[in-house]
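# Observations on the model geometry
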Amino acid sequence: MMKTLAIHLLFVAIALGGGTLIGLNNMPGEWYQGLAKPAFNPPGWIFGPVWSGLYILIGIAGARTFISAPRSGAMKLWIIQMGLNFLWSPLFFGLHSPGLALIVIVALLVAIIAFVARQWKDDRPAALMFIPYVLWVGFASVLNAAIFFLN
């Protein structure tokens, strides 16, 4: 029981802590404020709470996958999506490259969907925890594409 709890806490710390650190080191700033954005661009304050909740779900799903099948294809997909997730902000906000970020976020969306499909039969709760993530990254992909094309 304690080992399982420790694994869950570790995975949540990786996802939430990593996402927070990357976010704090790649803040939107003046460059982003100066970009043309679509009408559906949400207010900036929403991103922190949404990502915090998503990172907790991502961490729990990763822990469940690791506990049940640490060398599985699903675990590899979890690692891939986490890497792509952590790469997006430095590309978009750090390098000011919406085009490269768009390529990464589309690959991220594919990896997330693949994780859901892979876990749907083996660990339905883990797959379901990724559904809000699919929806948010799908929306973020459209937003990224709109910003790319508007600028």
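To be clear, the structure that these remarks concern was listed above.
The sections below set out a description of the structure shown in this document.

Here is what the cut-offs are and how they apply
Throughout, a residue's number is its position along its own chain's written sequence, starting from 1. Whole-chain, interface and lining totals are the exception, using all residues; otherwise, since this is a predicted model, local features are given only for residues with pLDDT of at least 70 and side-chain atom pairs are given and counted only at 80 or more. Excluded from the side-chain calculations are hydrogens and water; all other atoms, namely the structure's heavy atoms, are used. Under the DSSP-based scheme used, a helix requires at least four consecutive residues in state H or I and a strand at least two consecutive residues in state E, with every element numbered from the N terminus. When accessible area is computed with a 1.4 Å probe and restricted to protein chains, residues below 20% of their type maximum are described as buried, those above 50% as exposed, and intermediate ones as partly exposed. Helix span, as expected, comes to 1.5 Å for every residue beyond the first. We define a salt bridge as a side-chain nitrogen of Lys or Arg found within 4 Å of a carboxyl oxygen belonging to Asp or Glu. Should any heavy atoms of two residues lie within 4.5 Å, those residues are counted as being in contact.

## Section: unusual backbone geometry
Of note, H96 is a non-glycine position whose phi angle comes to about 55°, a positive value. You can see H96 is positioned in the loop between α4 (73-94) and α5 (98-122). Overall, the relative accessible area of 40% leaves H96 in the partly exposed class.

## What about α5?
The end-to-end C-alpha distance of α5 is 36 Å, a good match for the 36 Å that 25 residues give at a rise of 1.5 Å each. The complete set of buried residues in α5 reads P98, A101, L102, V104, I105, L108, L109, A111, I112, F115, V116 and Q119.

## Notes on the pattern of salt bridges
Summed over all chains, the structure comprises one salt bridge. Between D123 and R64 there is a salt bridge; the shortest N-O distance is 2.7 Å. With D123 in the loop between α5 and α6 (124-129) and R64 in helix α3 (residues 47-68), this residue pair connects regions lying 59 residues apart in the sequence.

## Things to note about helix α1 (residues 2-25)
Given 3.6 residues to a turn, an α-helix orients residues that are three or four positions apart in the same direction. Counted at 1.5 Å a residue, the expected span for α1 with its 24 residues is 34 Å, and the 33 Å between its end C-alpha atoms agrees. Within α1, the full set of buried residues consists of I7, F11, V12, A15, G18 and G19. Looking at the buried side of α1, the elements it contacts are α3 and α4.

## A short note on the environment of K3
Looking at the element boundaries, K3 is found in helix α1. In this structure the C-alpha to C-alpha distance between K3 and I67, which are 64 residues apart in sequence, comes to 9.8 Å.

## Brief notes about the environment of P28
Here P28 shows up in the loop between α1 and α2 (29-33). Since its relative accessible area comes to 30%, P28 is described here as partly exposed. Spatially, the C-alpha atoms of P28 and I79 are 25 Å apart, while their sequence positions differ by 51 residues. The contacts of P28, once residues within four sequence positions are left out, are Q33 and F93.

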